[in-house]
Amino acid sequence: EEKIIKAYKRAAQPTKPRNPIDVKQYIDTQAKPHLNFVVLGHVDAGKSTLMGRLLYDIGAVDKNKIRKLKKESEQIGKGSFHLAWVMDQTTEERERGVTVSICTSDFKTPAANFTIVDAPGHRDFVPNAIAGVSQADVAVLSVDCGTDAFESGFNLDGQTKEHTLLARSMDISTIVVAMNKMDTVDWSAIRFYQIQDELMEWFKKIGYKEDQIKWVPLSGFSGEGVYKIPYPEEQNWYDGPSLVETLETVATKVNVESRKEVLDKPFIFSILEVTTTKKHDESILAGKVESGSIQPGETITIYPSEQSCLVDKIIAGREQEATSIAVKGDFVTLKLRQSHAKDIEGGDLCASVGYDIKSARKFKIRLSTFQMNRPLLPGTSVMLFRGVYEQPARINKLLTIVDPQDPSKVLKKKVKHLPSNQTAVVEIELTERRRWIPMVTIDENKHIGRVIIRKDGRSVATGAILEVE
Ligand code: GDP
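Residues numbered from 1 in each chain as written. Predicted model: local features only at pLDDT ≥ 70, side-chain atom pairs only at ≥ 80, totals over all residues. Heavy atoms only, no water.

*Asks:* Can you tell me about the packing of aromatic side chains, naming the residues and giving the values?
*Replies:* This structure, assessed with the given rule, holds eleven aromatic pairs. Residues Phe203 and Trp215 carry aromatic rings whose centres are separated by 6.1 Å and whose planes lie at 65 degrees to one another, so their mutual orientation is edge-to-face. Placement of the pair is Phe203 in helix α8 (residues 189-205) and Trp215 in strand β6 (residues 213-217), with a sequence separation of twelve residues. Note on accessibility: Phe203 and Trp215 belong to one class, buried. Between Phe267 and Phe269 the ring centres are 6.1 Å apart and the planes differ by 20 degrees, which places this aromatic pair in the stacked class. Phe269 shares its class with Phe267; the two are buried. Put simply, the rings of Phe37, Phe107 and Phe114 touch in pairs and so form one group of aromatic residues. (Phe/Tyr/Trp six-rings, centres within 6.5 Å; stacked < 30°, edge-to-face > 60°. Helix = DSSP H or I, 4+ residues; strand = E, 2+ residues; numbered from the N terminus. Buried < 20%, exposed > 50% of the residue type's maximum accessible area, 1.4 Å probe, protein only.)

Quick look at the structure:
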């Protein structure tokens, strides 16, 4: 039961920014709305093509590079592949300095800044989707509207259901449904509404309301409905915004909400990846600001190792430039001094000095189970996911079954097993003894206060952390 991390000296006093910036003034005047989104959908639903098209039409990729990719893809007889490659190309570039677990691609429109969160490599692999979704504010769900294609992606074994369920569990407020490949069904309104009806029924079942779901007919391949390319004549039944315009509206809305979390909440940063440099006390942390803000010159504490470090530089954006402030929602790289990188790992958390994050191996969690083949029992072994963390764990005790609408209401006190579609308070323990894990409760942060539980390769429940022992 030992805490196997060397205790470092934790700073008691914060340090001042080197060139202080007024945070309120900064977000009022300089910061454009910023939206992080993840792209979900069944394999072959057109995700890569769509994102390639989007980045291309917005001008975020080099024209010469596209020409080269196009030539290569034509040579192997796959004319449309060049668009799908755009994401992978930017991925390769990113891998040099940033992270391998999560990749981000930035682009701008006059109205907002965007970050596409991508889990490269196995884009269709659910643990990666978990990592991706946990870094995003909203999701773009690509749906192949081609005849029969939708049905194959939507049946129970398809990923559309699991992806959207994960999005719901991880508090993704809005889903923008890219009704993709509409060119393959001659922009048929009947097809569009048929799929919309079926999907909406599912969204409602998992707890979404109609106004949380947006629908855009488009073709990632030819570009209509994505940014500015107008629809063909056959499409005379939809005159709503394009995908990018929809995302701009969502960005503005999300911005209003996240403003509070910049100003009123402490700085919390989730680490995706750690690198060292030649300087002995320097570490480089790539990650995401989960709440609050940070400026160079400030001191932060890293958990679970509880070492306090000086933020020497903040690096951000496509050009990887030094910046003077990072706020909630920003993906940045922190260059730290006075640090010991060997005791920092991806998944660790940082906070401003004076804000304690608890590390433990036992947690009290409010679990909501999905549809499962077998109930969960005390002693059941599971995998626990939070962001890029993936840890073996055991359900120690089933404490109470509660009302999902009002979790303070206990429905049942003696719980022997936990079946599908129930909400229960349970005690969970990490079974790998190597390290303790920093955890924040759902009250502290609604994003990182959440975990996903998987068993036998399937997501079986979502959990809100209530208490850290
Ligand atoms: P992913 O697996 O979801 O990333 O899907 P891809 O982007 O790789 O696309 C899968 C296949 O569908 C490729 O052969 C694409 O060329 C094709 N495709 C993608 N988008 C469209 C589209 O809008 N219209 C048509 N006709 N084909 C598309």
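So much for the structure itself; the text now carries on.
*Asks:* Mind laying out the nonpolar core, listing which residues take part and the relevant values?
*Replies:* Ranked by internal contacts, the top residues of the largest apolar core, which has 66 residues, are Phe37, Phe107, Ile175, Val177, Phe203 and Trp215. Each residue touching Ile175, except ones within four places of it in the same chain, is listed here: Ala139, Leu141, Thr164, Ala167, Phe203, Tyr208, Gln212, Ile213 and Lys214. Counting residues in hydrophobic clusters, the runner-up holds 27 residues, among them Ala360, Tyr389, Ile428 and Ile453. (Core = buried A, V, L, I, M, F, W, Y, C linked by side-chain atoms within 4.5 Å. Contact = heavy atoms within 4.5 Å.)

*Asks:* Describe the confidence of the model for the protein chain, listing the residues and the values that go with them.
*Replies:* Averaged over all residues, the pLDDT of the protein chain is 87; the fraction at 70 or higher stands at 89%. Low confidence marks residues 91-100, where pLDDT is under 50. Its contacts with residues over four positions away, or in another chain, come to 19 contacts. Under the prediction, the complex receives an ipTM of 0.99, its pTM being 0.89. (pLDDT = per-residue confidence, 0-100.)

*Asks:* Which residues make up empty space enclosed by the protein, and what are the values?
*Replies:* All chains considered together, the criterion is met by five cavities of 30 Å³ or more. The space that makes up the second largest cavity amounts to roughly 140 Å³. Contributing to the lining of the second largest cavity are 15 residues, with Ser134, Gln135, Arg386, Gly387 and Ile448 lying nearest its centre. Of the residues that constitute the lining of the second largest cavity, the class distribution is six nonpolar, six polar and three charged. (1 Å grid on protein atoms, 1.4 Å probe; cavity = no way out; pocket = protein on both sides within 12 Å on 5 of 7 lines; lining within 4 Å. Points joined across faces, edges and corners; volume = space filled by probe spheres on them. Nonpolar A, V, L, I, M, F, W, Y, C, P; charged D, E, K, R; others polar.)

*Asks:* I'd like to hear about unusual backbone geometry, residue by residue, with values.
*Replies:* Backbone torsion omega between Tyr303 and Pro304 reads 10 degrees, so that peptide bond is classified as cis. By the element assignment, Pro304 lies in the loop between β10 (299-303) and β11 (307-316). In this structure, Asp171 takes a positive phi of about 65 degrees despite not being glycine. Along the polypeptide, Asp171 turns up in the loop between α7 (159-169) and β5 (175-180). Residue Lys181 is not a glycine yet carries a positive backbone phi of 60 degrees. With a relative accessible area of 25%, Lys181 lands in the partly exposed category.

*Asks:* How would you explain α8 if you had to name every residue and give the values?
*Replies:* When the terminal C-alpha atoms of α8 are compared, their 24 Å separation across 17 residues agrees well with the 24 Å that a helix rising 1.5 Å per residue should span. Two to three positions downstream of the cap, the backbone nitrogen of Ile190 sits 3.3 Å from a side-chain oxygen, assigning the N-cap of α8 to Ser188. Among the residues trailing α8, Gly207 stands out with phi positive, at a value near 110 degrees. (Expected span 1.5 Å × (residues − 1). Polar contact = N/O pair within 3.5 Å; in protein donor to acceptor, adjacent residues only side chain to side chain.)

*Asks:* Run through helix α1 (residues 23-30), naming residues and quoting values.
*Replies:* Residues Val23, Tyr26 and Ile27 constitute the buried set of α1. Buried residues of α1, viewed axially, fall in a sector of 90 degrees; they line one side. Between the side-chain oxygen of the N-cap and the backbone nitrogen of Lys24 there are 3.1 Å, and the N-cap of α1 in question is Asp22. (Arc of directions from axis to C-beta.)

*Asks:* Break down the sheet that holds strand β4 (residues 138-144) for me, citing the residues and quoting the values.
*Replies:* Pairing within the open sheet is mixed, and its six strands lie in the order β2-β3-β1-β4-β5-β6. In this open sheet, the two strands that pair with only one neighbour each are β2 (103-108) and β6. When the angles between neighbouring strand axes are averaged without regard to direction, this sheet yields 25 degrees. Relative to β5, β4 runs parallel, the two sharing six bridges. Residue pairing in the sheet places Ser142 in a bridge with Ala178 of β5. (Pairing = 2+ DSSP bridges. Axes fitted to C-alpha atoms, helices over the stretch in contact; angles between N-to-C directions.)

*Asks:* I'd like to hear about the environment of Phe37, residue by residue, with values.
*Replies:* Within the fold, Phe37 resides in strand β1 (residues 34-40). For the pair Phe37 and Asp137, spaced 100 residues apart in sequence, the C-alpha to C-alpha distance is 5.8 Å. Beyond its immediate sequence surroundings of up to four residues, Phe37 is in contact with Met51, Phe107, Phe114, Thr115, Ile116, Val117, Ala136, Val138, Val140 and Leu247.

*Asks:* Residues and numbers for the pattern of salt bridges, please.
*Replies:* Scanning all chains against the criterion turns up 21 salt bridges. For Lys288, the salt bridge goes to Glu290, with nearest N and O atoms at 3.7 Å. Considered together, Lys288 and Glu290 belong to a single accessibility category, that of buried residues. Several salt bridges share partner residues, and in doing so they unite Arg10, Glu306 and Asp356 into one network. (Salt bridge = Lys/Arg side-chain N within 4 Å of Asp/Glu carboxyl O.)

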